[in-house]
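# Coordinate inspection notes
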Amino acid sequence: MVHGPDVTRPEARYEDMSPEVYDRVKRQLLPWVQTVTLTGGGEPFLAPVFYQMLDDVLGAGKSVEVVTNGTIIRPDYLERLVGTPSTLEVSLDGATAEVNDRIRLGVKFDRVMEFLETVREIMRRSAHPGFTVGIRWAVTRSNVQQMLDCVELAHRYGVRQIAFENFDTFGRSDEFARQESLEAQPSEVLPHWKQAYDRGLQVGVAVLPMRLVDAWIRQPEEGSRRAGALLDGQRIRHCPLPWWSVYVEVDGTIKACCRLPAPMGDLRQSSFREIWNGPTYRLLRSLVNTPSMPEECRTCSIVQRF
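Quick look at the structure, then. (Residues numbered from 1 in each chain as written. Predicted model: local features only at pLDDT ≥ 70, side-chain atom pairs only at ≥ 80, totals over all residues. Heavy atoms only, no water.)

## Here's the deal with the side chain of Asp-56
- Tracing the sequence through the fold places Asp-56 in helix H2 (residues 50–59).
- Taking the relative accessible area as the measure of exposure, Asp-56 reaches 14% and is therefore buried.
- Reaching out from Asp-56, the side chain makes a polar contact with the side chain of Gln-52 at a distance of 2.9 Å.
- When near neighbours in sequence (up to four residues on either side) are disregarded, Asp-56 contacts Tyr-22, Lys-26 and Leu-30. (Helix = DSSP H or I, 4+ residues; strand = E, 2+ residues; numbered from the N terminus. Buried < 20%, exposed > 50% of the residue type's maximum accessible area, 1.4 Å probe, protein only. Polar contact = N/O pair within 3.5 Å; in protein donor to acceptor, adjacent residues only side chain to side chain. Contact = heavy atoms within 4.5 Å.)

## Digging into the sheet that holds strand E9 (residues 253–255)
- In spatial order, the strands read E8-E9-E10; together these three strands make up an open sheet with antiparallel pairing. Two strands in the sheet have a free side with no partner beyond their single neighbour: strand E8 (247–248) and strand E10 (265–266).
- Bridge analysis of E9 against E10 gives two bridges, and the strand direction is antiparallel. Following the sheet pairing, Ile-254 is matched in E10 by Gly-265. (Pairing = 2+ DSSP bridges.)

## Describing the packing of helix H6 (residues 147–156) against helix H8 (residues 186–203)
- Contact geometry of H6 with H8 gives a least axis separation of 8 Å together with a crossing angle of 25 degrees. Between H6 and H8, the crossing angle belongs to the class labelled roughly parallel. The two elements H6 and H8 meet at a crossing, and its hand is right-handed. For the pair formed by H6 and H8, the contact residues are Met-147, Leu-148, Val-151, Glu-152 and His-155 on the first element and Val-189, His-192, Trp-193, Gln-195, Ala-196, Arg-199, Gly-200 and Val-203 on the second.
- Looking at the contact of H6 with H8 residue by residue, the class counts come to seven nonpolar, four polar and two charged. (Axes fitted to C-alpha atoms, helices over the stretch in contact; angles between N-to-C directions. Parallel < 35°, antiparallel > 145°, perpendicular 65-115°, else oblique. Left-handed = near helix turned anticlockwise from the far one by under 90°. Nonpolar A, V, L, I, M, F, W, Y, C, P; charged D, E, K, R; others polar.)

Listed below in structure tokens is the structure:
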């Protein structure tokens, strides 16, 4: 269950989930889920109902996954999170202030390092064995050569995992997107990812599989046999998401995951039970692990793993 923006509707990108919609989510989904991911288009802790969500989820004994820029989270909630089997992912765009602050305007590198130091100190005192702190990093032309440095930084602050991701432009054509996006040049990213991965094995930092782009899958010269084998069934035929999880937009729209734009239903019009067992979900489940899968599934991170 996710608090997030609908990136397919530009006018909804900066909406917050209303108390009315959240009340439906709380009553109909919270009793049945095990893990709740709280994220969105921007800093989640700024959402008006965010701390209410966190109170409800922690109070119900659920594990939480939160993505944050590490600048405004309240210390008391940070203490609570570290004491639970939850995951705290910190967004970072560079291993130095020069690179990070140029890419991530308004979020200072030094402030994020202070936050990671605070988390490390709390973990030393009272960390739950199941608590994990990670880094989420959007790979750009400016920071691709610092991926290895990110592993060293993570090791220094007790970070256990790093998720390197494509800088997805979502159709943007501005100068920054044109200059920084490497989503069509995976060959420039892969050597740095491999260095980071190998170093992570040495120091105990898990560098997660990175989703590559469709252009790489279709390249006959570079890894096509491996990618073809994955597409042939080792991963995509085991996509569990339509059975295991649900994505809730801020307006109450239900989706199967963050990749598929087609809605499964709307909590403002139907109960979650009706949506979950309805014809749209049943159709997706019948197709997702077959050659007739939706087009978005063909470039999903569940497919592209090493």
